[in-house]
Amino acid sequence: MGNRSLLSEEDILSQLNPQQREAVLATEGPVLVIAGAGSGKTRVLTHRVAYLIGVKGVSPENILAVTFTNKAADEMKERVKALLKGVCDISGLWMGTFHSMCVRMMRPFAERIGYKPNFTIYDKEDQIALLKEILSDYPDQNPRSASAVISKMKNLEDYEPDDDRFYYIYEAYQKALREQNAMDFDDLILNAIKLLRENPDIRLKYAERFRYIHVDEYQDTNRPQYHLLVLLSSVHRNLFVVGDEDQCIYSFRGANINNILGYEEDFPDCRIFKLERNYRSTKRILEAANGVIVNNTQRRGKVLWTENPEGEKVLIIPTEDEREEALRVAQKISEFLSMGFAPSDIAVLYRTNAQSRAFEEALTLLGLRYEMRGALKFYERKEVKDILAYMRLVVNPKDDVSLRRIINVPPRGIGKRTLDSIARLVEELRPEHPEVSSREIISRPGLLESLGIRSSILEALAEFDALMKKLEAMGPQANADVAIQSVVELTGYRDYLFSNYPKDEAEDRWENVLELVGTVEDYVKTADDISLRGFLSTVSVRTELDEAGREANAITLMTSHAAKGTEFPVVFVTGLEDGVFPHHSSKEDGSYEEERRLFYVSMTRAMKYLILTYARRRYIRRGMNLQPSPFLRELPDEVTEWANKSAEMALKMIREDEFLPGQKVRHPKFGRGIVLESYDGKVLVDFERAGIKTIMKEFLRLESLM
């Protein structure tokens, strides 16, 4: 295709505002577009590509556009097609992720860097499996932790591992990859750089081909990706990058904010454009967000503005603990639903996944459907399932699924072959001994020896048996809170997490365990059957309800990190306590400004209503008294409103004096009943099916409210 114009300039530019239009028309030389939240950055990227092809007559094969997800690339390609109205074929356009682009570049020339063209790409689990073999010489090292260290060694230029042995592990790992003609995801970028640097002819081939290079979410790029872009733009220097330093929240993945802050240093002749008009949020939400982010020093400076309505003030709701916080959020959500909002219009954001449990339970209690985005539901998380599996095995020794799950948690070196041998023996004995189970076989050394199991594995099985006998001594009728404390302590689960996972991941998983312990303690305070068996029965019902909630028209629960790129008419940002949000580690590791950026990103997801909540106590913070997040003090007073006790009553939160003798109520498990008496936060109810029971008031709803 030659340089022939296919469309008029107005065909492409008519829908753009002046700032967007100016950025699209800047086609030559390096360009940086600072695109604030909700300012239409995707529109600028797609219109620029369409403008180059449709108006300037640039061949699609001379254009490269890099995104961070394949979904984003597919959507952008469809938008470009629509803008071009079918006047040309854009199949030659290179539009995709960094990784897909690198694979495409390397396949034809793989032998130049010591690989065959059919090289395999290893995902995270493949990496772990390979590292397990390599680490046999380093029994104190864990494959997942090693994988995280190796990734940092590849992506962070100044990173030095704490343990010098990782240099040897790294070399052994890379040698094994090459021997298996494989690359991991980090290698895709690094080997593409190696290919271009060591082969001037290939570098020239691609640098000449890509006359116009576009990069989305530039603030999320790491240093290797930056070096790759410099190589590819070395001939034409038409590098067009779009990003927002105020939304750089992925440093834990290697994102380097200096890539966007230092763009002019690398490209002194660059042009910079700012997109500050926001199309998403109300004036008050933007004023609140601007009031927070202005306190950061690592930024260029911009002020978002909008022609949208002024909107409601940002509501701040203080609560006593995570349970009250979740109940009030759930009740407020019910209010929004009654105003005509759809469940899919509403999102609840939190700093860490461990915080989701209380919201899941509160929404389930009120019969509100929800979905979790970017994370497993609380009861589906590995560490939660591990602890529950121990508890289930105590209640039901024949539960072989639970036994297989935890027999090597923590690692004991008991392999699948051993378990399969035990299972075969169970099947042989079952005709004459119907009650036999794998758990029973493990408790009988004589039977194990008959299977020809190695002495080291016999010792491991004996240790597991001794642990289980201590736990089984409690019995199924033990108080659930006592039982879970025993499981966590006797298994050494905390040590297991911190020995087998990177520190950040171990902390997240441990917080989930603490959240589960807190759940059991809450259960014991409110349930009639407070035994281990009773709790497990309740959990089984709850997880079925969770699964039933996976529907498109549902309330969204997700972390603030997962919320990037989304928008909702109603957004709750929760857990705004000092030490939770901002995270307690941020003041030590220098990421405090990133925490503020994360709060800013959370706030700017909201279109019409923004509600902020915090608790005075939280179980994952050991129940200590917490101070409100310092970010709350940065909000302008004129755009915020604090909820007090009268506001709480206005939300129709269930209060003790609302339950009067003779009133009809409903419980999620026991159904309908009549109030007999109310005292100390508890209600005595005569249920139609379950008889008389004492229930915590939070678990009842007035029949008249339904």
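Residues numbered from 1 in each chain as written. Predicted model: local features only at pLDDT ≥ 70, side-chain atom pairs only at ≥ 80, totals over all residues. Heavy atoms only, no water.

Participant: I'd like a rundown of the overall build of the chain, residues and numbers included.
Facilitator: Of the regular secondary structure elements, the chain holds 30 helices and 20 strands. The C-alpha atoms of the chain give 29 Å as radius of gyration, which agrees with the globular expectation for 706 residues (27 Å, within 12%). Seen through its C-alpha atoms, the chain measures out along the principal axes to roughly 80 × 70 × 45 Å. A fraction of 74% describes how many contacts in the chain between residues 6 or more apart in sequence connect residues 24 or more apart. Summed over its atoms, the accessible surface of the chain is roughly 30,700 Å², and 48% of this surface lies on carbon and sulfur atoms. Across the chain, the 98 positively charged side chains and the 111 negatively charged ones have centroids separated by 3 Å. (Helix = DSSP H or I, 4+ residues; strand = E, 2+ residues; numbered from the N terminus. Rg over C-alpha atoms; globule rule 2.2 N^0.38 Å. Contact = heavy atoms within 4.5 Å. Areas by Shrake-Rupley, 256 points an atom, 1.4 Å probe, with all protein chains shown as cover. Lys, Arg positive; Asp, Glu negative; His and termini not counted. Charge placed at Lys NZ, Arg CZ, Asp CG, Glu CD.)

Participant: Can you tell me about the nonpolar core, naming the residues and giving the values?
Facilitator: In summary, soluble globular proteins display a tendency toward joint burial of nonpolar side chains. Membership of the largest hydrophobic core comes to 77 residues, with the highest contact counts inside it found for Met-101, Leu-228, Leu-232 and Leu-612. Those residues within four positions of Leu-232 in sequence are excluded, and the remaining contacts are Leu-64, Met-101, Met-105, Leu-196, Tyr-206, Ala-207, Phe-210 and Ile-213. Listed in part, the 53 residues of the second largest apolar core include Ile-407, Leu-467, Tyr-493 and Leu-514. (Core = buried A, V, L, I, M, F, W, Y, C linked by side-chain atoms within 4.5 Å. Buried < 20%, exposed > 50% of the residue type's maximum accessible area, 1.4 Å probe, protein only.)

Participant: Quick rundown of helix H14 (residues 283–293)? Include the residues and the values.
Facilitator: With respect to burial, H14 is a largely interior element, 9 of its 11 residues being buried. Within H14, burial applies to Arg-284, Ile-285, Leu-286, Ala-288, Ala-289, Asn-290, Gly-291, Val-292 and Ile-293. Among the structural elements, strand E9 (314–319), helix H28 (592–603), strand E14 (606–615) and helix H29 (630–633) are those in contact with the buried residues of H14.

Participant: Any chance you could break down the pairing of strand E19 (residues 691–696) for me, citing the residues and the numbers?
Facilitator: In terms of strand pairing, strand E18 (residues 682–687) meets E19 through 6 bridges, oriented antiparallel. Residue pairing in the sheet places Phe-687 in a bridge with Gly-691 of E19. Between E18 and E19, which pair antiparallel and follow one another directly, the connecting turn spans 3 residues. (Pairing = 2+ DSSP bridges.)

Participant: A description of the environment of Arg-209 should follow, citing residues and the corresponding values.
Facilitator: As for its placement among the helices and strands, Arg-209 is situated in helix H10 (residues 200–209). Taking the relative accessible area as the measure of exposure, Arg-209 reaches 26% and is therefore partly exposed. Taking the C-alpha atoms as reference, Arg-209 lies 36 Å from Val-601; in sequence the two are 392 residues apart. Excluding anything up to four places from it in sequence, Arg-209 contacts Glu-61, Asn-62, Gly-92 and Trp-94.

Participant: Help me get a handle on the sheet that holds strand E7 (residues 239–243), residues and values and all.
Facilitator: The 6 strands are arranged E3-E2-E6-E7-E1-E8 in an open sheet whose pairing can be described as parallel. In this open sheet, the two edge strands, each paired with only one partner strand, are strand E3 (94–97) and strand E8 (271–275). The sheet shows a mean angle of 15° between the axes of neighbouring strands, direction not considered. Here strand E2 (residues 63–67) runs beside E3; their pairing, made up of 4 bridges, is parallel. Paired with Thr-67 across the bridge in E3 is Thr-97. Strand contacts of helix H4 (residues 70–84): E2 and E3, with the helix running at about 155° to E3, the strand carrying the most contacts. (Axes fitted to C-alpha atoms, helices over the stretch in contact; angles between N-to-C directions.)

Participant: Which residues make up the sheet that holds strand E15 (residues 640–642), and what are the values?
Facilitator: Pairing is parallel across the open sheet formed by 7 strands, whose spatial order is E11-E12-E10-E13-E14-E9-E15. Looking at strand neighbours, the two that pair on one side only are strand E11 (370–372) and E15, the edges of this open sheet. Shown here is a sheet whose adjacent strand axes are inclined to one another by a mean of 20°, direction ignored. Summarising the sheet, E9 and E15 pair through 3 bridges and their orientation is parallel. Bridge assignment links Val-314 to a residue of E15, and that residue is Thr-640. Packing against the sheet, helix H15 (residues 322–338) makes contact with E9, strand E10 (346–350), strand E12 (555–559), strand E13 (568–573) and E14, and its axis sits at approximately 145° to E9. Packed on one face of the sheet, helix H16 (residues 356–365) meets E10, E11 and E12 and runs near 160° to E11.

Participant: Outline the pattern of salt bridges, listing residues and values.
Facilitator: Opposite charge on two side chains permits them to pair, given that their charged atoms come into close proximity. In this structure the tally under the stated criterion is 45 salt bridges. The salt bridge involving Glu-325 is made with Arg-618; its shortest N-O contact spans 2.9 Å. Placement of Glu-325 in helix H15 and of Arg-618 in the loop between E14 and H29 is noted, with a sequence separation of 293 residues between them. A relative accessible area of 1% means that Glu-325 is categorised as buried. In this structure, the salt-bridge partner of Glu-335 is Lys-332, at a minimum N-O distance of 3.0 Å. Taken together, the positions of Glu-335 and Lys-332, both in helix H15 and 3 residues apart, correspond to about one turn of that helix. One connected set of salt bridges, linked through shared partners, spans Lys-41, Asp-216, Glu-217 and Lys-564. (Salt bridge = Lys/Arg side-chain N within 4 Å of Asp/Glu carboxyl O.)

Participant: Kindly report on the packing of aromatic side chains, identifying the contributing residues and their values.
Facilitator: The description of an aromatic ring pair uses the distance of the two centres, along with the angle that the planes make with each other. This structure, assessed with the given rule, holds 22 aromatic pairs. Where Phe-336 meets Phe-341, the ring centres are 5.8 Å apart and the plane angle is 80°; that geometry is what we call edge-to-face. Given a relative accessible area of 2%, Phe-336 falls into the buried group. Given a relative accessible area of 14%, Phe-341 falls into the buried group. A ring pair is formed by Tyr-592 and Phe-631, whose centres lie 5.6 Å apart and whose planes are at 50°; its orientation type is tilted. Linking Tyr-592 in helix H28 with Phe-631 in helix H29, this pair joins segments that are 39 residues apart in sequence. The ring of Tyr-250 has Arg-253 lying over it, and the distance from NZ or CZ to the ring centre is 4.3 Å. (Phe/Tyr/Trp six-rings, centres within 6.5 Å; stacked < 30°, edge-to-face > 60°. Lys NZ or Arg CZ within 6 Å of the ring centre and 35° of its normal.)

Participant: Tell me what's going on with unusual backbone geometry, and back it up with residues and numbers.
Facilitator: Cis geometry marks the peptide bond from Val-409 to Pro-410, where omega comes out at 0°. Pro-582 follows Phe-581 through a cis peptide bond whose omega is 15°. Here Pro-582 is to be found in the loop between E13 and helix H27 (586–589). Although it is not a glycine, Lys-85 adopts a positive phi angle of roughly 55°. In this structure, Lys-85 sits in the loop between H4 and E3.

Participant: Account for H28, with residues named and values stated.
Facilitator: Its 12 residues give H28 an end-to-end C-alpha distance of 17 Å, which sits within 8% of 16 Å, the value for a rise of 1.5 Å per residue. Burial runs high along H28: 11 of the 12 residues are buried. Taken together, the buried positions of H28 are occupied by Glu-593, Glu-594, Glu-595, Arg-596, Arg-597, Leu-598, Phe-599, Tyr-600, Val-601, Ser-602 and Met-603. (Expected span 1.5 Å × (residues − 1).)

Participant: Run through the confidence of the model for the chain, naming residues and quoting values.
Facilitator: Of all residues in the chain, 92% have pLDDT values of 70 or greater, and the mean over the chain is 87. The low-confidence segment residues 543–551 (pLDDT under 50) makes 19 contacts with residues lying over four places distant or belonging to another chain. Ignoring residues within four places in sequence, the model shows residues 645–657, a span with pLDDT below 50, making 25 contacts including any to other chains. (pLDDT = per-residue confidence, 0-100.)

Participant: Let's hear about the side chain of Ser-39: which residues, and what values?
Facilitator: Checked against the element boundaries, Ser-39 lands in the loop between strand E1 (31–35) and helix H3 (41–54). Residue Ser-39 is classed as buried on the basis of its relative accessible area of 1%. Among residues more than four places away in sequence, those in contact with Ser-39 are Gln-20, Leu-275, Arg-277 and Tyr-279.

Participant: Describe the state of the cysteines, and please don't skip the residues or the numbers.
Facilitator: For the structure on display, the rule yields 0 disulfides. The thiol sulfur of Cys-102 is not disulfide-bonded, and the nearest other cysteine sulfur, from Cys-248, lies at 20 Å. No disulfide involves Cys-248; its sulfur sits 18 Å from the nearest other cysteine sulfur, which is in Cys-270. The buried category is assigned to Cys-248, whose relative accessible area is 1%. (Disulfide = S-S within 2.5 Å.)

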